[in-house]
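# What the coordinates show
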Number of protein chains: 2
Amino acid sequence: MPENFTLHPRLEADTITIGRFPETLVLLHRDARYPWVILVPTLPGIREIHELPHEVRHRLLDESCGVAAAMQALLGATKMNVAALGNMVPQLHLHHVARFEGDDAWPGAIWGAHPGLEYTAEALEARRGELRGAFAALPGFG
Amino acid sequence: MPENFTLHPRLEADTITIGRFPETLVLLHRDARYPWVILVPTLPGIREIHELPHEVRHRLLDESCGVAAAMQALLGATKMNVAALGNMVPQLHLHHVARFEGDDAWPGAIWGAHPGLEYTAEALEARRGELRGAFAALPGFG
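Source: prediction; values computed, not measured.

Parameters and conventions
Residues numbered from 1 in each chain as written. Chains lettered and ligands numbered in written order. Predicted model: local features only at pLDDT ≥ 70, side-chain atom pairs only at ≥ 80, totals over all residues. Heavy atoms only, no water. Axes fitted to C-alpha atoms, helices over the stretch in contact; angles between N-to-C directions. Helix = DSSP H or I, 4+ residues; strand = E, 2+ residues; numbered from the N terminus. Parallel < 35°, antiparallel > 145°, perpendicular 65-115°, else oblique. Left-handed = near helix turned anticlockwise from the far one by under 90°. Contact = heavy atoms within 4.5 Å. Nonpolar A, V, L, I, M, F, W, Y, C, P; charged D, E, K, R; others polar. Buried < 20%, exposed > 50% of the residue type's maximum accessible area, 1.4 Å probe, protein only. Pairing = 2+ DSSP bridges. Disulfide = S-S within 2.5 Å. Least-squares fit on C-alpha atoms with pLDDT ≥ 70 in both. pLDDT = per-residue confidence, 0-100. Phe/Tyr/Trp six-rings, centres within 6.5 Å; stacked < 30°, edge-to-face > 60°. Buried area = accessible area lost by both parts, 1.4 Å probe. Salt bridge = Lys/Arg side-chain N within 4 Å of Asp/Glu carboxyl O. Polar contact = N/O pair within 3.5 Å; in protein donor to acceptor, adjacent residues only side chain to side chain.

### Remarks on the packing of helix H2 (residues 54-75) of chain B against helix H3 (residues 121-135) of chain B
Residue and element names in this part refer to chain B. Where H2 contacts H3, the two axes come as close as 9 Å, and the packing angle between them is 120 degrees. Relative to H3, the element H2 is oriented oblique. For the crossing formed where H2 meets H3, the hand is right-handed. Contacts between H2 and H3 involve Val67, Ala70, Met71, Leu74 and Leu75 on the former and, on the latter, Arg127, Glu130, Leu131, Ala134 and Phe135. When its residues are assigned to classes, the contact of H2 with H3 shows eight nonpolar, no polar and two charged.

### Focus: the pairing of strand S5 (residues 94-99) of chain B
Regular strands place their side chains on alternate faces of the sheet. All names here are of chain B. Of all six residues that make up S5, six are buried, and the element is covered over most of its length. Residue alternation in S5 divides its side chains into two sets, Leu94, His96 and Ala98 and His95, Val97 and Arg99, and both sets are buried. As paired elements, strand S3 (residues 36-41) and S5 share four bridges and run antiparallel to each other. Bridge pairing in S5 places Trp36 opposite Val97. Bridge count for strand S4 (residues 79-84) against S5 is five bridges, and the pairing is antiparallel. Counterpart to Val82 in the pairing with S5 is His96.

### Focus on the state of the cysteines
In a disulfide, the sulfur atoms of two cysteines are covalently bonded to one another. Counting across every chain of the model gives zero disulfides over all chains. You can see Cys65 of chain B has no disulfide; the closest cysteine sulfur is in Cys65 of chain A, sitting 13 Å from it.

### Topic: the relation of the copies chain B and chain A
Overlaying chain B on chain A yields an RMSD of 0.0 Å, the required transformation being a rotation through 180 degrees with an accompanying axial translation of 0.0 Å. On this basis, the relationship between the two copies can be described by a two-fold rotation axis. When C-alpha positions in chain B are compared against the rotation axis, the closest is assigned to Ala83 of chain B, at 2.0 Å.

### Comments concerning the confidence of the model for chain A
This prediction gives chain A a mean pLDDT of 97; 100% of its residues lie at or above 70. Across the predicted assembly, pTM comes out at 0.97 and ipTM at 0.97.

### A closer look at the packing of aromatic side chains
Residue and element names in this part refer to chain A. Going through the model one piece at a time under the given rule, you end up with six aromatic pairs over all chains. Aromatic pair Tyr34 and Trp36: ring centres 6.5 Å apart, planes at 70 degrees, arrangement edge-to-face. According to the relative accessible area criterion, Tyr34 is buried, its value standing at 1%. Taken together, Phe21, Phe135 and Phe141 form an aromatic cluster joined through their ring pairs.

### Topic: the interface of chain B and chain A
Contact residues are listed per partner, giving 30 residues for chain B and 30 residues for chain A. Counting each side, the surface lost to burial between chain B and chain A is near 2,800 Å², with a carbon and sulfur contribution of 55%. The largest share of the area that chain B buries against chain A comes from His50, Lys79 and Asn87 of chain B, three residues that together contribute 23% of it. At the junction of chain B with chain A, the criterion picks out four salt bridges. Run the count over chain B and chain A and you get 29 residue pairs in polar contact (both at pLDDT 80 or more). Elements represented by at least two residues in the side of chain B that touches chain A include exactly H2 and S4 of chain B. By residue number, the principal contributor to the side of chain B that touches chain A is H2 of chain B, which donates nine residues. A class-by-class count of the residues in the side of chain B that touches chain A yields 15 nonpolar, nine polar and six charged. Relative to S4 of chain B, strand S4 (residues 79-84) of chain A runs antiparallel, the two being bridged by three bridges. Across the sheet, the residue bridging to Ala84 of chain A is Val82 of chain B, located in S4 of chain B.

### Remarks on the pairing of strand S2 (residues 24-29) of chain B
All names here are of chain B. Burial within S2 is extensive, with six of its six residues counted as buried. Here S2 shows no split at all, with Thr24, Val26 and Leu28 on one side and Leu25, Leu27 and His29 on the other all buried. Sheet analysis places strand S1 (residues 15-21) next to S2, joined by six bridges and oriented antiparallel. Its bridge partner lying in S2, Arg20 is registered against Leu25. Hairpin connection from S1 to S2: two residues lie between these consecutive antiparallel strands. The pairing of S2 with S3 spans five bridges and is antiparallel. Across the sheet, the residue bridging to Thr24 is Pro41, located in S3. Hairpin connection, S2 to S3: the antiparallel pair is bridged by six residues.

Structure (structure tokens):
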């Protein structure tokens, strides 16, 4: 990780680490309502995908697609929601939310729909473990 | 456009065409609350970004970054929101929403926040025209 990179405090509080790609943190959101993985490029000072250098941007997309496909295959999600919003947390971060027909916000967007629901410590670890396993085959993940 | 591609009726109803890249439609959403551009790859039967072939996916990202950067530069947006959701419209489409501190949904997400607000015919044409101008320099746009 670049020495001058620090994870935004809000992301630090809301997530736990699943693993990383060489230039990207892979985080699990603590909201148990939805399987929700966040990728954070570790290049400091980036707010928008279009601010990333061309090659970094393509690698991030490949990581994002790998994560989204692995989540969908593991969980049998109806739809993956992939988004870079960042109105509240300016540090670039890419949401990957596995959506299911009939989940708490279906078919609406999840942001602002419901307050977060805590995992039990066991369920959080189980979720992290199954996702770590599903991502293990992705190039560069560790 | 591939002969077997048809724009989803909901996207057809909610947008007007700004232009296109060789494999991607560039649409303007009719909701006047937010400057809102939607990219739709014209490869039939695709629901998820990760279903796109590797090269197509990279070209779509380059188009998306070009559109987002041009919108932000033209409009002075505080933040670009870029998202592939598709819970209601399964055909893959990528939202690009220019967000401003104090806009109707700020700092929340726009989806489900407010009912759509109609442009006047003149304002819709003006918006389309200024965006077409801003996208004119993007490779492959026409």
